[in-house]
Amino acid sequence: MQTIIQWLNCNNGAVMAILTFVYVAATILICSYNHKSAIAAQQQTAESRKQFEEQNRAHVIPKFDVLEGQLYCIVFQNIGKTMADNLQIIVSPDWIDCLKKTQKNSDTGFTLEKLSTLKVFLAAEDKYMYPICIPADGTNDYSLLCQCPLTISISYTSAGKPYKENFELPMKGINCLINNSNYVRMEQKKRESINDISTQLAKISNNLHKPE
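Thresholds applied
- Residues numbered from 1 in each chain as written.
- Predicted model: local features only at pLDDT ≥ 70, side-chain atom pairs only at ≥ 80, totals over all residues.
- Heavy atoms only, no water.
- Phe/Tyr/Trp six-rings, centres within 6.5 Å; stacked < 30°, edge-to-face > 60°.
- Buried < 20%, exposed > 50% of the residue type's maximum accessible area, 1.4 Å probe, protein only.
- Salt bridge = Lys/Arg side-chain N within 4 Å of Asp/Glu carboxyl O.
- Helix = DSSP H or I, 4+ residues; strand = E, 2+ residues; numbered from the N terminus.
- Arc of directions from axis to C-beta.
- Contact = heavy atoms within 4.5 Å.

**Q** Residue-level account of the packing of aromatic side chains, with values.
**A** Both the distance between ring centres and the angle between the ring planes are used here to describe each pair of aromatic rings. Per the counting criterion, the structure on display carries 3 aromatic pairs. Arranged with centres 5.3 Å apart and planes meeting at 50°, the rings of Phe64 and Tyr72 form a pair that is tilted. Each member of the pair Phe64 and Tyr72 is classed as buried. Considering the side-chain rings of Tyr156 and Tyr163, the 5.8 Å spacing of their centres and the 25° angle between planes classify their relative orientation as stacked. Assessed through its relative accessible area of 2%, Tyr156 is described here as buried. Of the residues examined, Tyr163 reaches a relative accessible area of 14% and is grouped as buried.

In structure tokens:
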């Protein structure tokens, strides 16, 4: 024990140097670990914020929809959770020109052309719907719209942050998604007529049973 104490007394400077080195090394390791932890925490916070913004922002997309089983429409819908501000929808001019030449929905072409010059808004879950054609209606409207690619540029702001996306919607083949058979149309009209008759009979019955 005395030997160790004597050795420490004789080598006090060297021992202090070693301890200082160990302390400095440990301090550097701790600082490095804290720095990495801080960076990881910042990245995690930024990623969480990004995910929150993505989940709660406006999100406007184009799509096709069908009215009454026949009328095909182009739709711009906000599938997000907040309003889309400064919304600008630009449909490819060549396709609009084709739409202007259709027999039944040429007015929609002029409407979409004017829409591209405006900045509007679209509430969450709301949509703009524009008729474009009825495939197999005896006209060549559908074939005409398939001659040009339908490309759409949509830009808007959500919570002050700008977004811009480009889309291309395929027109060819959409006629296969619509049931245009005469049988289906006739059956639908029959059901509508029966419902109207039932409604009228119910009104007459109520009027007959009203106390005088």
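**Q** Can you tell me about the pattern of salt bridges, naming the residues and giving the values?
**A** Per the counting criterion, the structure on display carries 2 salt bridges. Asp65 is paired through a salt bridge with Lys127; the nearest N and O atoms lie 3.9 Å apart. Of the two residues, Asp65 sits in strand E1 (residues 60-67) while Lys127 sits in strand E5 (residues 127-133), which places them 62 residues apart along the sequence. For Asp65, a relative accessible area of 24% gives the class partly exposed. A relative accessible area of 36% places Lys127 in the partly exposed class. The residue Glu113 makes a salt bridge to Lys100 at a minimum N-O spacing of 2.9 Å. Of the two residues, Glu113 sits in helix H4 (residues 106-115) while Lys100 sits in helix H3 (residues 93-100), which places them 13 residues apart along the sequence. The exposure class of Lys100 is partly exposed, given its relative accessible area of 21%.

**Q** Before we move on, could you go through H4 and cite the residues and values that matter?
**A** Residues of H4 that are buried: Ser106, Thr108, Gly109, Leu112 and Leu115. Taken down its axis, H4 places every buried residue within 170° of arc, on the same side. Counted as exposed and oriented over 90 degrees from the buried face of H4: Asp107 and Lys114. Taken together, the buried residues of H4 touch strand E2 (71-78), strand E3 (84-91), H3 and E5.

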